[in-house]
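# Coordinates in review
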Amino acid sequence: MLGSTACHSEPSSSWGSALDASRRSGALFVARDVAVRVADQARIMKSLPLARSQARYPKFVNWNPYGLADGNSGIAVMCSYFHQCFPVEGWDAIGHGFLAEGMAAVESSDGPKHSGLFAGLGGFAFALESFSRGGDRYQRALAVVDAMIAPQGLAVASRLGTRRPGMPVNVFDLISGASGLASYLLRRDSHGILPEILIALVRLTEQVDGMPRWATPAEYLQTESARRLYPSGNFNCGLAHGIPGPLAILSLALRAGHEVPGQAEAISVLAQWLLSHRVEDAWGVSWPDAVAMTPEGLPALKQKPAPTRSAWCYGTPGVARALWLAGEALNDEDLRRMAVDGMASVLRRPFALRHLTSPTFCHGVAGLLHTVLRFSHDTVPDCFADSVTGLTDRLLAVYEPERPFGYASVEAEDTAVDRAGLLDGAAGVAMTLLAAATGVEPVWDRVFLQS
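Residues numbered from 1 in each chain as written. Predicted model: local features only at pLDDT ≥ 70, side-chain atom pairs only at ≥ 80, totals over all residues. Heavy atoms only, no water.

For the rest of this paragraph, the subject is the overall build of the protein. Across its full length, the protein holds 16 helices and eight strands. The C-alpha atoms of the protein give 21 Å as radius of gyration, which agrees with the globular expectation for 451 residues (22 Å, within 12%). Principal axes of the C-alpha set define a box for the protein whose edges measure 55 × 55 × 45 Å. Going through the 451 residues of the protein one by one, you find that 60% of them count as buried. Long-range contacts, defined here as pairs at least 24 residues apart, represent 71% of the contacts in the protein between residues at least 6 apart. Accessible surface for the protein amounts to roughly 17200 Å². Of this, 54% is attributable to carbon and sulfur atoms. If you average the places of the 38 positive and of the 44 negative side-chain charges in the protein, the two averages end up 3 Å apart. (Helix = DSSP H or I, 4+ residues; strand = E, 2+ residues; numbered from the N terminus. Rg over C-alpha atoms; globule rule 2.2 N^0.38 Å. Buried < 20%, exposed > 50% of the residue type's maximum accessible area, 1.4 Å probe, protein only. Contact = heavy atoms within 4.5 Å. Areas by Shrake-Rupley, 256 points an atom, 1.4 Å probe, with all protein chains shown as cover. Lys, Arg positive; Asp, Glu negative; His and termini not counted. Charge placed at Lys NZ, Arg CZ, Asp CG, Glu CD.)

As structure tokens, then:
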């Protein structure tokens, strides 16, 4: 049985594949086939009406010309990784085409109005930087985009740093908020705004009358169903939208030498908050989507959390990765051990109890596999190799070559939607399979706060 007692926090010297030769061959074949389809702009545009007809919420199925989640930036990041792995196959030129279209959209009058990572300027800047060869290319484009990001980033920091307790998650989260922008600025901060954002994120740990500033009262919850489930509000525990995002980015920044006053203490406070709200069951330790808030603004400790996925976006894998990064930043072996315990509990659960119906990254098998790949690389001896094999087999088993992109996103009520993008589409699956099968480290996973 998988457990944490045999896992130690001694990283491998280099990225490598835990798959045998046959599985590597299968993963490479499928990854290439999916990537070729996803990198076909005409196929993407032709498939959009189909995807909208399939989706339960068609208004959310769009193609963002500069977007990372569902747009050109995400495909460009995919092309960058494929070019690193296969430099003579033409991926660099394909990626450049997607970036050129994205840049035209950014500079147009309908360009991005916010600096968010997955649908705004932050994600496009990340894609440009990924293709820049350390800043040797795209210098003009990067300068233009960085100049656009700087005032928006300072506004984000000001908004986050001056709010009273209680705020919508998109102020601080990875997908749209300060944590996502900081993930780009850790790669490139030409205007020196990262410290301001880190200071604002540190302030999230402040409390007024016992309520952390990052709490989400009911009026800030985004859906009616969430307001019914949490009538007084909640404390979001998902890596995509909750407090693990700020924890991960503060930890990554500290490890990289970017430190502001109170940062180490903030990392400790947030990590301990998550540890104090873990749940124990027959499979081990886990974390809920959110912790309910009482009318007084405190965690409702006696309320039983609703079942959650074992996914990257919400659930134990994302929380465990944030705790691991905190343990690395603080050199805290107890935090690293708890992170490994959390991943081990996920992988002990029968697959049906992980609630992963989609193959995609955000809330599906690819996101879990990639998180396991990172833990596999970071722990010696490698106690996750069997899980890498099993999850890869599961992804390969649901490959459907008759579909436009080889994989469909399985959404509400088991609805299959043919999407190309990085977050909820086939591109994220292709990149994860490639990471599992090659020796080229997937540094693109910074956008998912994995490294």
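So much for the structure itself; the text now carries on.
Next up on the list: the nonpolar core. By size, the foremost hydrophobic cluster in this structure holds 152 residues, and its most contacted members are Met78, Trp312 and Leu323. By residue number, the principal contributor to this core is helix α16 (residues 426-437), which donates ten residues. Grouped together as the second largest cluster of nonpolar side chains are six residues, Leu221, Ala226, Ala292 and Ala300 included. (Core = buried A, V, L, I, M, F, W, Y, C linked by side-chain atoms within 4.5 Å.)

Moving on to the pattern of salt bridges. Pairing between side chains becomes possible if they bear opposite charge and their charged atoms approach one another. Counted according to the given criterion, the structure contains 26 salt bridges. Across the salt bridge formed by Glu89 and Arg32, the nearest N and O atoms sit 2.7 Å from each other. Here Arg32 lies in helix α1 (residues 21-38) and Glu89 lies in the loop between α3 (72-85) and α4 (91-106), a separation of 57 residues in the sequence. Overall, the relative accessible area of 30% leaves Arg32 in the partly exposed class. Residues joined in a network through salt bridges with shared partners are Arg255, Glu328, Glu333 and Arg336. (Salt bridge = Lys/Arg side-chain N within 4 Å of Asp/Glu carboxyl O.)

Looking now at α4. Its 16 residues place the ends of α4 22 Å apart at the C-alpha level, agreeing with the 22 Å of an ideal helix rising 1.5 Å per residue. Those residues of α4 that sit buried are Trp91, Asp92, Gly95, Phe98, Leu99, Gly102, Met103, Ala105 and Val106. Around the axis of α4, the buried residues are gathered within 155 degrees of arc, so they sit on the same side. As for α4, its buried residues are in contact with α1, α2 (41-54), α3, α5 (121-131) and α6 (139-162). (Expected span 1.5 Å × (residues − 1). Arc of directions from axis to C-beta.)

Turning our eyes to something else, we now look at unusual backbone geometry. Glycine aside, residues mostly have negative phi angles, and peptide bonds mostly take the trans form. Phi at Asn331 is positive, roughly 55 degrees, even though this residue is not glycine. Residue position: Asn331 is located in the loop between α12 (316-330) and α13 (333-348). On the basis of relative accessible area, Asn331 is assigned to the exposed category, the value being 59%. One non-glycine residue, Asp414, lies in positive phi territory at about 55 degrees. Its place among the elements puts Asp414 in the loop between β7 (409-411) and β8 (415-417). When its relative accessible area of 58% is taken as the criterion, Asp414 is described as exposed.

With that settled, the discussion passes to the side chain of Ser132. One can find Ser132 in the loop between α5 and α6. Contacts of Ser132, omitting those with residues within four sequence positions, involve Arg137, Tyr138 and Leu142.

So, about the environment of Arg140. Among the structural elements, Arg140 can be located in helix α6. Every residue in contact with Arg140, bar those within four places of it in the chain, is listed here: Met103 and Glu107. Within polar-contact distance, the side chain of Arg140 engages the side chain of Glu107 at 3.4 Å. (Polar contact = N/O pair within 3.5 Å; in protein donor to acceptor, adjacent residues only side chain to side chain.)

Now for the packing of α5 against α6. Any two packed helices are characterised by how steeply their axes cross, that is the angle between the axes, and by the distance between the axes. Relative orientation of the contacting elements α5 and α6 amounts to 150 degrees, with a least axis distance of 10 Å. Classified by the angle between their axes, α5 and α6 sit roughly antiparallel to one another. Like other packed secondary-structure pairs, α5 and α6 cross with a definite hand, here left-handed. Counting all contacts with α5, which are made through Leu121, Gly122, Phe124, Ala125, Leu128 and Glu129, the residues of α6 involved are Ala141, Leu142, Val145, Met148, Ile149 and Gln152. Of the residues assigned to the contact of α5 with α6, the class counts are nine nonpolar, two polar and one charged. (Axes fitted to C-alpha atoms, helices over the stretch in contact; angles between N-to-C directions. Parallel < 35°, antiparallel > 145°, perpendicular 65-115°, else oblique. Left-handed = near helix turned anticlockwise from the far one by under 90°. Nonpolar A, V, L, I, M, F, W, Y, C, P; charged D, E, K, R; others polar.)

This next bit is on the environment of Arg321. You can see Arg321 is positioned in helix α12. Between the C-alpha atoms of Arg321 and Ala248, which are 73 residues apart in sequence, the distance is 7.8 Å. Once you skip the residues sitting within four places of it in the chain, Arg321 turns out to touch Thr371, Arg374, Phe375, Asp378, Leu449 and Gln450. Of note is the side chain of Arg321, whose polar atom sits 2.7 Å from the side chain of Asp378.

Take it as geometry only, folks, not as evidence of what the structure does.
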